[in-house]
Structures are given as structure tokens and as C-alpha cells.
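Residues per chain are reported as follows:
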Amino acid sequence: MTFEQLHLKKENKIAFVTITREKKLNALDSATIQELHEAFSVLDIDSQVRAIVIMGQGQKAFVAGADIAEFSSFNQQQGEALSRLGHEKLFAFVENLSTPVIAAINGYALGGGLELALSCHMRVASDNARMGLPEVTLGLIPGYGGTRRLGQIIGKGRAHQMVATGQMISADKAMQWGLVNEIYTQEELVPKATELALKIAANAPISVSHSIKAINAQYSNSVESFETEIQLFGACFATNDFKEGTSAFLEKRKPDFKGN
Ligand code: DAK
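Description of the structure in this document. (Residues numbered from 1 in each chain as written. Predicted model: local features only at pLDDT ≥ 70, side-chain atom pairs only at ≥ 80, totals over all residues. Heavy atoms only, no water.)

Take serine 30: it is sitting in helix 1 (residues 30–44). Between the C-alpha atoms of serine 30 and valine 42, which are 12 residues apart in sequence, the distance is 19 Å. (Helix = DSSP H or I, 4+ residues; strand = E, 2+ residues; numbered from the N terminus.)

Listed below in C-alpha cells is the structure:
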């Protein structure tokens, strides 16, 4: 299986998935989302793979968000439809895999990038990592499950703060808030994530996969919350502030939001 946007390696029952759009800070475009879906689908049924580590290429970013250039011209229907597709192909898909996925956050994890990490079963980070959901600075809200999963992991009040300010937090703060399980130096990050994966790989695979299902079941009693997010996210695409926010980013200037 060959990929254009990913690199895949398997070693000692661990699979390593690296997103290779380093020049765009590994931003998630639809081709990358599709490839991730294919890679995770294949790895999840590979009996030789007991845990998966995902990271971004380079030292700067895990994933700096969904690809703003790709969605800046979308309308409400397109925004809503693509949010739904993203949930199915990647975000809910990863969360519900039988194989545990560890996000090794090696730099920026922003917007859809942080949402991808939130979908993973565990998160470890390098000490230079910066995490945030900056969607409100673009005239959007998180559209890939962030409004549900962030609060589940760090608590409602902190989730409101991160989403409403759109500000990034440091690796230290993320550790303090329980957003990541461990922090390591950049050099240590992948070896330590591998160590964690190997500990999981030594355990009974069916027990591990059932434990994922059982833990997820405790948090998924409200299917409607994703539907609410999808519809409100789509509605943002009908606003002038969304056009202003994404244009300002692409034109490298500050947005001037008018509230309509
Ligand atoms: N999308 C597209 N390109 C991006 C990008 C992104 N999210 N993030 C970075 N890049 C590109 C930059 O445009 C630049 O490209 P060139 O100009 O070199 O061609 C290159 O990556 C390097 O970035 P910078 O030059 O900006 O690097 P700096 O070190 O100066 O700054 C930064 C790093 C991470 C602070 C900055 O790049 C930044 O603010 N990036 C954007 C962060 C962000 O707002 N992320 C998006 C969050 S919103 C959707 C579903 C979900 C979503 C949207 C739609 N649909 C279903 C339609 C989710 C939205 C989000 O994720």
C-alpha cells in the first residue's frame, strides 16, 4: 500500500504513521484524511499490529489544523457535509478502532490537529508542543468532535476557555490539565511513545480492544452532541466572519470580525 501524504512503518507489533506534509505543518486536507482512513483500516485488522503511534513529520508540528486553503470557499452545506464525513472517516473512526492509537504530539496540535489527537486513545507530547482550538479566530467552531472530546478529557470549564479564547497552551499546561499523559524532550518523544506501545502490545489484544470499547461506552451516551456540533459548524460557513477569518489567515493579516 502506497501513500502520498503519509509514511507507514511496522516494527515489533507497533505501527508508526507519520503525516508527511511538513511544508504545510502537516495540515489535514481531504486527501490526507482519506489516506489516514485507509491506513488505519488496514492496520486495525492486521493481527501483527498491537498498537499504533501517530505523529507529524518534522520538529515543528504534529498537525496545524484542517487545511484552511481547502475549506475557505465552502458554503454551509459543504461545511456540514465535510464535517460529517471527517467524523466518519477519521475522528470517530480512530476513537472506535480496536487497536489503541497513541498521538505523539511533536509540536503544534491545532484545530483539526488537536481534534485528531483527542480522538486517539492516549496523548504524549514533546516539551515544545503547543495545543489549541483556534477555530473562533477563523469564524468557525471546532468541527471534528472537539466540542465533545475536549471537555471529556480536560473538563467543561477548561474546554470553554480553550475554545472561546482560541489560545494555544504549552505542553506543561496541557500536562497539568490532563490533556496529555506525559511530556518528553523532542529526542525522547518517539522512543518513549514506542515504550508505551510495547507495554500495550505485551497484553492480551482482545482484552485491550474490549477495554477501548468499554471505556468509550462510558462517554458516548449522547450521539446528538456530534449532530449539534456538525450543524453549528456548518452554520458558521454561512457567515461573513468565516469568510473574513479564513481570508485573513491566507492573506497573512489580522481578521476584522463584524459579527455577521
Ligand atoms: N492550513 C493550511 N496551511 C497551513 C495551516 C493550516 N491549518 N497551518 C499552517 N499552514 C501553512 C502556512 O500557510 C504556511 O504555508 P506557506 O505560506 O509557506 O505556503 C506554512 O504552513 C508554514 O506556516 P507559517 O508560515 O504560518 O508558520 P509559522 O511558524 O509562522 O506559524 C502557526 C505556525 C501554526 C502558528 C501558523 O501556521 C498558524 O496559525 N496556522 C494555522 C493554525 C490554525 O488556525 N489552524 C486551523 C484551525 S481550524 C472542516 C472541518 C474542520 C475544520 C475546518 C473545516 N470542514 C469539514 C470543512 C477545522 C478547522 C481547523 O482546524
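Turning our eyes to something else, we now look at the site of the ligand. Lining the immediate environment of the ligand, one finds 28 residues, of which Lys24, Lys60, Ala64, Ala66 and Gly112 sit closest. The contact in question runs from an oxygen atom of the ligand to an N or O atom on the side chain of lysine 24, over 2.5 Å. Between the ligand and the protein, one listed contact pairs an oxygen atom with a side-chain N or O atom of lysine 60 at 2.6 Å. Burial of the ligand by the protein amounts to 76% of the accessible area it has alone, namely 1100 Å². Contributing elements (two or more residues each) for the shell around the ligand: helix 2 (68–71), helix 3 (76–95) and strand 6 (108–110). In terms of residues, the shell around the ligand owes the most to one element, helix 3, which gives 3 residues. Broken down by class, the residue content of the shell around the ligand amounts to 17 nonpolar, 5 polar and 6 charged. (Near = heavy atom within 4 Å. Polar contact = N/O pair within 3.5 Å; in protein donor to acceptor, adjacent residues only side chain to side chain. Areas by Shrake-Rupley, 256 points an atom, 1.4 Å probe, with all protein chains shown as cover. Nonpolar A, V, L, I, M, F, W, Y, C, P; charged D, E, K, R; others polar.)

Turning to its location among the elements, aspartate 67 is positioned in the loop between strand 4 (61–63) and helix 2. Those residues within four positions of aspartate 67 in sequence are excluded, and the remaining contacts are Arg21, Ala27, Leu28 and Asp29. (Contact = heavy atoms within 4.5 Å.)

Membership of the largest hydrophobic core comes to 45 residues, with the highest contact counts inside it found for Leu36, Ile54, Ile105, Met131 and Leu179. Ignoring any residue separated from it by four or fewer positions in sequence, one finds isoleucine 54 in contact with Val17, Ile19, Leu36, Phe40, Phe62, Val101, Ile102, Ala103, Ala104, Leu116 and Cys120. By size, the runner-up hydrophobic cluster in this structure holds 16 residues, among which are Ile14, Val53, Tyr184 and Ile200. (Core = buried A, V, L, I, M, F, W, Y, C linked by side-chain atoms within 4.5 Å. Buried < 20%, exposed > 50% of the residue type's maximum accessible area, 1.4 Å probe, protein only.)

Attention now goes to helix 3. Its 20 residues give helix 3 an end-to-end C-alpha distance of 26 Å, which sits within 8% of 28 Å, the value for a rise of 1.5 Å per residue. Its maximal kink placed at histidine 87, helix 3 deviates by approximately 50 degrees. Along helix 3, the residues classified as buried are Gly79, Ser83, Gly86, His87, Leu90, Phe91, Ala92, Val94 and Glu95. (Expected span 1.5 Å × (residues − 1). Bend = angle between axes of the 7 residues up to and from the residue.)

Here we take up the pairing of strand 1 (residues 6–11). Looking at chain direction, strand 1 and strand 2 (residues 14–19) are connected through 6 bridges and run antiparallel. Bridging from a neighbouring strand, leucine 8 pairs with valine 17 of strand 2. Connecting strand 1 to the antiparallel partner strand 2 that follows it, the hairpin turn spans 2 residues, and asparagine 12 within it adopts a positive phi of roughly 45 degrees. (Pairing = 2+ DSSP bridges.)

Sheets are built from strands paired through backbone hydrogen bonds, the pairs being either parallel or antiparallel. Ordered in space as 1-2-3-5-7-10, the 6 strands form an open sheet in which the pairing is mixed. One side of each edge strand has no neighbouring strand; the edge strands of this open sheet are strand 1 and strand 10 (182–184). On average, each strand axis in the sheet is tilted by 20 degrees relative to the strand beside it, whichever way the strands run. Running at roughly 15 degrees to strand 1, helix 1 makes contact with strand 1, strand 2, strand 3 (51–56) and strand 5 (101–105) of the sheet. (Axes fitted to C-alpha atoms, helices over the stretch in contact; angles between N-to-C directions.)

Turning next to the packing of helix 3 against helix 4 (residues 112–119). In the contact formed by helix 3 and helix 4, the axes pass within 7 Å of each other and the chain directions differ by 35 degrees. Of helix 4, the residues touching helix 3 (which contributes Leu90, Phe91, Val94 and Glu95) are Gly112, Glu115, Leu116 and Ser119. Its residues placed into classes, the contact of helix 3 with helix 4 shows 4 nonpolar, 2 polar and 2 charged.

Read these as geometric descriptors, not functional statements.
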